[in-house]
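This is what each chain is made of:
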Amino acid sequence: MCVNNAVMDGLKSKLSEILYFISDKDDVVYLDYPFHYNVGDILIFLGGVEFLRKNDIRVKKFYNINNFSLEKVKKDITKNTTILCHGGGNFGNIYQNHQKMRELVVQNFPDNRIIFLPQTIFFEDIESQELSLNILKDHENLIF
């Protein structure tokens, strides 16, 4: 199966819009990279890392669900740090640890720009969705 290059180039150009929101290419932290056996998520991560590299964005620290702690992350965050959250398909309440980590970051870094890379979003119920929305909506520099 051959993928149409025009389609792929169009998707890539849409992703390039993210670059506008990264003010300091040397002050970026990447959260929630995959640390599991889902090859699709790992490929998404590798594509993201390659995108950052090609655009001269140097991530100073990577965190996943297993090595994340708020105390550690606070040491790497300055007032100018852009926080990137891995894309994929774990936004919502199916993978609650990942969602809680993102919400914790949103609550604890209200002055930092936080970018959620492209995600599939799924909540099993409206109550969980509204709880998450109430946390996210108060952040004034959150990019989806």
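Residues numbered from 1 in each chain as written. Predicted model: local features only at pLDDT ≥ 70, side-chain atom pairs only at ≥ 80, totals over all residues. Heavy atoms only, no water.

K.L.:
Outline the nonpolar core, listing residues and values.
P.N.:
Membership of the largest hydrophobic core comes to 19 residues, with the highest contact counts inside it found for L31, V73, I83, V105, F109, I114 and F116. Among the elements that take part in this core, helix α4 (residues 96–108) stands out by supplying 3 residues, more than any other. Other than its neighbours up to four places away in sequence, I83 contacts V29, L31, I77, V105, F109, N112, R113, I114 and I115. Judged by nonpolar contacts, the second largest core, of 14 residues, contains I22, V28, F51 and I115. (Core = buried A, V, L, I, M, F, W, Y, C linked by side-chain atoms within 4.5 Å. Buried < 20%, exposed > 50% of the residue type's maximum accessible area, 1.4 Å probe, protein only. Helix = DSSP H or I, 4+ residues; strand = E, 2+ residues; numbered from the N terminus. Contact = heavy atoms within 4.5 Å.)

K.L.:
Please set out the packing of α4 against helix α5 (residues 126–136) residue by residue, giving values where relevant.
P.N.:
Following both chains from N to C, one finds α4 and α5 inclined at 30°, their axes separated by 9 Å at the closest point. By the angle class used here, α4 and α5 are roughly parallel. Contacts between α4 and α5 pair Q99, E103, V106 and Q107 from the former with S132, I135 and L136 from the latter. Of the residues in the contact of α4 with α5, the class split is 3 nonpolar, 3 polar and 1 charged. (Axes fitted to C-alpha atoms, helices over the stretch in contact; angles between N-to-C directions. Parallel < 35°, antiparallel > 145°, perpendicular 65-115°, else oblique. Nonpolar A, V, L, I, M, F, W, Y, C, P; charged D, E, K, R; others polar.)

K.L.:
Tell me about a nonpolar patch on the surface, and name the residues and values.
P.N.:
A contiguous nonpolar surface patch, about 320 Å² in accessible area, is contributed by I94, Y95 and F122. Take F122: it is sitting in strand β6 (residues 119–122). (Patch = residues over 30% accessible without salt bridge, like charges linked within 9 Å, V, L, I, M, F, W, Y side chains within 5 Å. Areas by Shrake-Rupley, 256 points an atom, 1.4 Å probe, with all protein chains shown as cover. Salt bridge = Lys/Arg side-chain N within 4 Å of Asp/Glu carboxyl O.)

K.L.:
Explain the packing of aromatic side chains to me, using residue names and the numbers behind them.
P.N.:
When we look at a pair of aromatic rings, we describe it by the centre distance and by the angle of the planes. Following the criterion strictly, the structure yields 6 aromatic pairs and no others. Through a chain of ring-to-ring contacts, three or more aromatic side chains come together here, namely F91, F116, F123 and F144. (Phe/Tyr/Trp six-rings, centres within 6.5 Å; stacked < 30°, edge-to-face > 60°.)

K.L.:
Could you give an account of the pattern of salt bridges, naming the residues involved and the relevant values?
P.N.:
Counted according to the given criterion, the structure contains 5 salt bridges. The salt bridge partner of R58 is D26, with a shortest N-O separation of 2.5 Å. Residue R58 is found in the loop between α2 (39–54) and β2 (59–63), and its partner D26 is found in the loop between α1 (5–16) and β1 (28–31); the two are separated by 32 residues along the sequence. Take R58: its relative accessible area is 44%, and that puts it in the partly exposed class. In this structure, the salt-bridge partner of K54 is E50, at a minimum N-O distance of 4.0 Å. On the criterion of helical spacing, the pair formed by K54 and E50 is a turn pair, its members being 4 residues apart in helix α2. One connected set of salt bridges, linked through shared partners, spans E50, R53 and K54.

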